[in-house]
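What follows is each chain in one-letter form.
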Amino acid sequence: MQITGNTILITGGNSGIGRAMAEALHKAGNQVIIAGRNQKSLDETVAANPGMNAVKFDVSAGEGIRAFAQQVISDYPAVNVLINNAGIMKAENLLAQPEDLADMEATISTNLLAPIRLIAAFLPHLQSKEAATIINVTSGLASVPLAATATYNATKAAMHSYSQSLRFQLKDTTVQVIEWAPPAVATELMPGHSANPQSMPLDEFIAESMDLLKNTPDAEEILVERVKFLRFAERSGQFDKVFNILNTTHP
Ligand SMILES: NC(=O)c1ccc[n+]([C@@H]2O[C@H](COP(=O)([O-])OP(=O)(O)OC[C@H]3O[C@@H](n4cnc5c(N)ncnc54)[C@H](OP(=O)(O)O)[C@@H]3O)[C@@H](O)[C@H]2O)c1
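Rules used in this analysis
- Note that residues are indexed from 1 along each chain, following the sequence as it is written.
- Totals for whole chains, interfaces and linings use every residue, but because this is a predicted model, local features are given only for residues with pLDDT of at least 70 and side-chain atom pairs only at 80 or more, for both listing and counting.
- Side-chain metrics in this entry use all non-hydrogen atoms of the structure; hydrogen atoms and water are not considered.
- Patch membership needs two things, relative accessible area over 30% and no salt bridge, and members are linked within 9 Å if like-charged or within 5 Å if nonpolar (Val, Leu, Ile, Met, Phe, Trp, Tyr).
- Computed by Shrake-Rupley with a 1.4 Å probe, the accessible areas treat only the displayed protein chains as cover when residues are assessed.
- When a carboxyl oxygen of Asp or Glu is within 4 Å of a side-chain nitrogen of Lys or Arg, the pair counts as a salt bridge.
- The charge count treats Lys and Arg as positive and Asp and Glu as negative. His and the chain ends do not count.
- Note on charges: their place is set at NZ of Lys, CZ of Arg, CG of Asp or CD of Glu.
- Working definition: helices are DSSP H or I runs of at least four residues, strands are E runs of at least two. Numbering for both runs from the N terminus.
- For each structure, a 1 Å grid was placed over the protein atoms alone; sets of points admitting a 1.4 Å probe that cannot get out are labelled cavities, open sets with protein on both sides within 12 Å along at least five of seven lines are labelled pockets, and lining residues have an atom within 4 Å of a point.
- Grid points are joined across faces, edges and corners, and a volume is the space filled by probe spheres set on the points.
- Each residue gets one of three labels, nonpolar for Ala, Val, Leu, Ile, Met, Phe, Trp, Tyr, Cys and Pro, charged for Asp, Glu, Lys and Arg, and polar for the others, Gly among them.
- Within 6.5 Å between ring centres, the rings of Phe, Tyr and Trp (the latter by its six-membered ring) count as paired, and their orientation is classed by plane angle as stacked under 30 degrees, edge-to-face over 60, tilted in between.
- Only protein chains enter the area calculation, which uses a 1.4 Å probe; residues under 20% of their type maximum are buried, those over 50% are exposed, and those in between are partly exposed.
- Charge over a ring is defined by NZ of Lys or CZ of Arg lying within 6 Å of the ring centre and within 35 degrees of the ring normal.
- One heavy atom within 4 Å of a molecule or strand is enough for the residue carrying it to be called near that molecule or strand.
- For the purposes of these results, a polar contact is taken to be a pair of N or O atoms within 3.5 Å, where, inside protein, one atom must be able to donate a hydrogen and its partner to accept one; residues adjacent in sequence count only when each atom of the pair is a side-chain atom.

Things to note about a negative patch on the surface
There is a patch of like negative charges on the surface, built from Glu99, Asp100, Asp103 and Glu105. Summarising the element assignment, Glu105 is placed in helix H4 (residues 102-127).

Right, here's the structure in full:
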């Protein structure tokens, strides 16, 4: 992917990693459209970044995604990059045998079904472009699970696998598929997460990711150094050790 001259839709572009990446891509010379649920933070983000656009949308809206995609394509026909970044992460006590699985279902709907639906809705349009890119934001936890957030890890592992299949099926098209797997980054994804000293500072994470995007335009995965102990744990024979460290540090 060339990191300038694109028209980019980024879901969850109104806070955390999504907002910081939207701003970095905006500064790098792209037309950026952010999507999210919270009107106040959408407004604040575009006000702070003149020329950026926002659209209010709940990605868990199921079939509504097709109409949303058609509207975005009609309003911004040049759109050639889709960044599936919106996500939620909830702690789950599986021993409590909850009757209400609302958090689990919302996690699957937001982190897994929504990107699949968005990709399906945008793919014909993206294929009509000379160069297009789909970036799926997964997680280091796709490779080594944090037991306390079981459904979250499962959705990210599923998006890792889905991205591999998608890339293979699109290999003879103009659409590139990039998986962007962050380590723990200081955002409000979970309560207290931004204050956790083990979380990577957001500005450092974005700077390193932008450098990787720029310097390795054909990369299949964007992996900052701090995520590699998770991403390559299995490959290096360290899975059990890393799993134990991760789940002892975060009981
Ligand atoms: N921070 C980390 O440590 C970390 C590590 C690995 C992966 N990630 C991934 O990075 C991505 C961004 O997370 P973050 O850390 O930046 O957390 P964040 O600050 O909480 O941002 C999450 C974003 O997702 C949006 N979102 C959530 N549900 C949505 C829905 N149903 N419809 C539309 N937008 C929705 C939120 O928008 P609203 O506020 O409008 O709902 C918000 O902009 C997620 O996919 C997350 O899994 C984060």
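Some points on empty space enclosed by the protein
With the rule as written, the count across this model stands at two cavities of 30 Å³ or more. Taken as a whole, the largest cavity spans an internal volume of roughly 50 Å³. Of all the secondary-structure elements, those providing two or more residues to the lining of the largest cavity are H4 and helix H5 (150-169). In terms of residue count, the dominant contributor to the lining of the largest cavity is H4 (three residues). For the lining of the largest cavity, the residue count by class is four nonpolar, four polar and one charged.

Observations concerning the packing of aromatic side chains
The relation between two aromatic rings is expressed through the spacing of the ring centres and the mutual angle of the planes. Scanning the model with the defined rule gives three aromatic pairs in all. Their ring planes at 5° and their centres at 5.4 Å tell us that Trp180 and Phe205 sit as a pair that is stacked. Taken together, the residues Trp180 in strand E6 (residues 175-180) and Phe205 in helix H6 (residues 202-215) connect sequence positions 25 residues apart. You can call Phe205 buried: its relative accessible area is 0%. Taking NZ or CZ as reference, Lys171 lies 4.3 Å from the ring centre of Phe168, over its face.

Side note on the site of the ligand
The full set close to the ligand counts 30 residues, and Asn14, Arg37, Asn85, Tyr152 and Thr187 are the nearest of them. Measuring from an oxygen atom of the ligand, one finds a backbone N or O atom of Asn85 at 2.7 Å. Contact distances for the ligand include 2.7 Å between an oxygen atom and a side-chain N or O atom of His193. Protein coverage of the free-state accessible area of the ligand, which is 880 Å², stands at 93%. Of all the secondary-structure elements, those providing two or more residues to the shell around the ligand are helix H1 (16-27) and H5. Its residues assigned to classes, the shell around the ligand comprises 12 nonpolar, 14 polar and four charged.

As far as function goes, none of this settles anything; it's purely spatial.
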